[in-house]
Amino acid sequence: QGIARAQFKLGAMYAIGEGVAEDFILSYKWSNLAAAKGIEKAKNLKITLRTQMSSSQIAEAQRLSREMSPNQRGRVSKKTVTLPVQKQNNPDASGSSFVVSLNGHILTNRHVVKGCGTLRIGGQKTRIVSEDLINDLALLRLEQPVTTVASFREGKGVRVGDKVVVAGFPLRGLLGSGLNVTFGNVSSLTGIGNDSRMFQISAPVNPGNSGGPLIDDSGHIVGIVTSKLNALRTAKATGDIPQGANFAIKSSIIRIFLDLNNVDYETARSRSPSSSTVIADEAKKYTLLIECWK
């Protein structure tokens, strides 16, 4: 209805993921509208968001602001405002996953599939087989067989400084529709609060990467990408913006979950590094997009 304070509050909710999925583009859009009406907090939020967003993301947010109807940009009039209707076939959310058995078992994060009435993986309908609330894991199964699966790293564990690869489908609808691959290192063998179930990694992670594989430099699975440190909350608490604070659940936790569900997964020893292009090409074969309708 064009109420500036409401626009700012909605922008703040998108910034920290309170009540809605974290989305910097929508946060910037609403903050931009509120800031144009003189809301100082909205102006400050825009400044913080710009440090976390790419130029293309900012441009998209500005475009969305411009496309708002005049009644939504300003105060509501007595006339009825007709809002654009979202197409019913568009998913409500999306994430990443990877194939862990030739029987069609797929692994992802539980928070990716939570509350979904309909799920599609790689365009196929699927069902949830098992969930682990504590470790944020979910096992799904495709109705049709698969031909390529991921292999878990066997033998010597990951060390701090080891190179890792993140594969997934982040920022669906903004970035390209194909698989996105980023590179980094293991920064720590523990997560937030010394959580020993997780790695901290420097490879870039964005909304939509959740549930995707964390791969070592030989092309084998060492974890599942699960979260990133909320930059805006951390900045508010510490006065500084964190960088490279992303997290993945270790493969040892994943394998226990798969064992409990009698999944026949594959393992292999990581002996010699593979090229980045080879790892990316292999990841394309077993990393799949998850689409959720609630």
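Residues numbered from 1 in each chain as written. Predicted model: local features only at pLDDT ≥ 70, side-chain atom pairs only at ≥ 80, totals over all residues. Heavy atoms only, no water.

1. Some details on helix α1 (residues 4-16)
Think of an α-helix as turning once every 3.6 residues; residues three or four places apart then point the same way. Here α1 is 13 residues long and its end C-alpha atoms lie 19 Å apart, about the 18 Å a rise of 1.5 Å per residue gives. Turning to α1, its buried residues number three or more, namely Ala4, Gln7, Phe8, Gly11, Tyr14 and Ala15. End-on view of α1: buried residues confined to an arc of 125°, all on one side of the axis. Every exposed residue of α1 that faces more than 90 degrees away from the buried side is listed here: Arg5 and Lys9. Gly17 sits one or two positions beyond α1 and adopts a positive phi of about 70°. (Helix = DSSP H or I, 4+ residues; strand = E, 2+ residues; numbered from the N terminus. Expected span 1.5 Å × (residues − 1). Buried < 20%, exposed > 50% of the residue type's maximum accessible area, 1.4 Å probe, protein only. Arc of directions from axis to C-beta.)

2. Focus: the nonpolar core
Counting residues in hydrophobic clusters, the biggest one holds 39 residues, and the most contacted among them are Phe98, Val100, Leu107, Phe152, Ile215, Leu258 and Tyr286. Broken down by element, the residue count for this core peaks at 5 residues, all from strand β5 (residues 137-142). Residues in contact with Tyr286, not counting those within four places in the same chain, are Ser97, Phe98, Val99, Thr148, Val149, Ala150, Pro213, Ile215, Gly219 and Ile221. Membership of the second largest hydrophobic core comes to 14 residues, among which are Phe8, Ala15, Ala42 and Ala61. (Core = buried A, V, L, I, M, F, W, Y, C linked by side-chain atoms within 4.5 Å. Contact = heavy atoms within 4.5 Å.)

3. Details of the state of the cysteines
Put plainly, two cysteines are in a disulfide when a covalent bond ties their sulfur atoms together. Inspection of the entire model under this criterion finds 1 disulfide. The partner cysteine of Cys116 in its disulfide is Cys292, sulfur to sulfur 2.0 Å. Around the S-S axis, the bridge from Cys116 to Cys292 shows a dihedral of about -110° and counts as left-handed. In this pair, Cys116 sits in the loop between α6 (110-113) and β3 (118-121) while Cys292 sits in strand β14 (residues 287-293), placing the two residues 176 residues apart along the sequence. Judged by relative accessible area, Cys116 falls into the buried class, the value being 17%. On the basis of relative accessible area, Cys292 is assigned to the buried category, the value being 1%. (Disulfide = S-S within 2.5 Å.)

4. Quick word on the confidence of the model for the protein
Overall, the predicted model of the protein reaches an average pLDDT of 86, with 86% of residues at or above 70. This stretch, residues 76-88, has a pLDDT under 50; its non-local contacts, to residues over four places away or in other chains, come to 9 contacts. (pLDDT = per-residue confidence, 0-100.)

5. Quick word on the sheet that holds strand β4 (residues 124-132)
Spatially, 6 strands are ordered β1-β2-β5-β4-β3-β14 in a closed barrel, and the strand pairing comes out antiparallel. Across the sheet, the axes of successive neighbouring strands diverge by a mean angle of 40°, strand direction being ignored. Looking at chain direction, β4 and β5 are connected through 6 bridges and run antiparallel. When the sheet's bridge partners are listed, Arg127 is paired in β5 with Arg141. Its contacts with the sheet place helix α8 (residues 251-260) against β2 (105-108), β4 and β5, and it is angled at close to 50° to β5. With respect to the sheet, helix α9 (residues 276-286) is in contact with β1 (93-99) and β14, its orientation differing from that of β14 by roughly 40°. (Pairing = 2+ DSSP bridges. Axes fitted to C-alpha atoms, helices over the stretch in contact; angles between N-to-C directions.)

6. Re the pattern of salt bridges
Evaluated as defined, the whole model comprises 8 salt bridges. Residues Glu67 and Arg63 are paired through a salt bridge, measuring 2.4 Å at the closest nitrogen-oxygen approach. Among the residues examined, Arg63 registers a relative accessible area of 30% and is labelled partly exposed. Each of the salt bridges in this network shares a partner with another, and the network as a whole consists of Glu60, Arg63 and Glu67. (Salt bridge = Lys/Arg side-chain N within 4 Å of Asp/Glu carboxyl O.)

7. As for unusual backbone geometry
With a phi angle near 55°, Asp136 is a residue other than glycine that sits in the positive phi range. Of note, Asp136 is situated in the loop between β4 and β5. One non-glycine residue with positive phi stands out, namely Asn262, at about 55°. Position of Asn262 among the secondary structure elements: in the loop between α8 and β13 (266-269). According to the relative accessible area criterion, Asn262 is exposed, its value standing at 67%.

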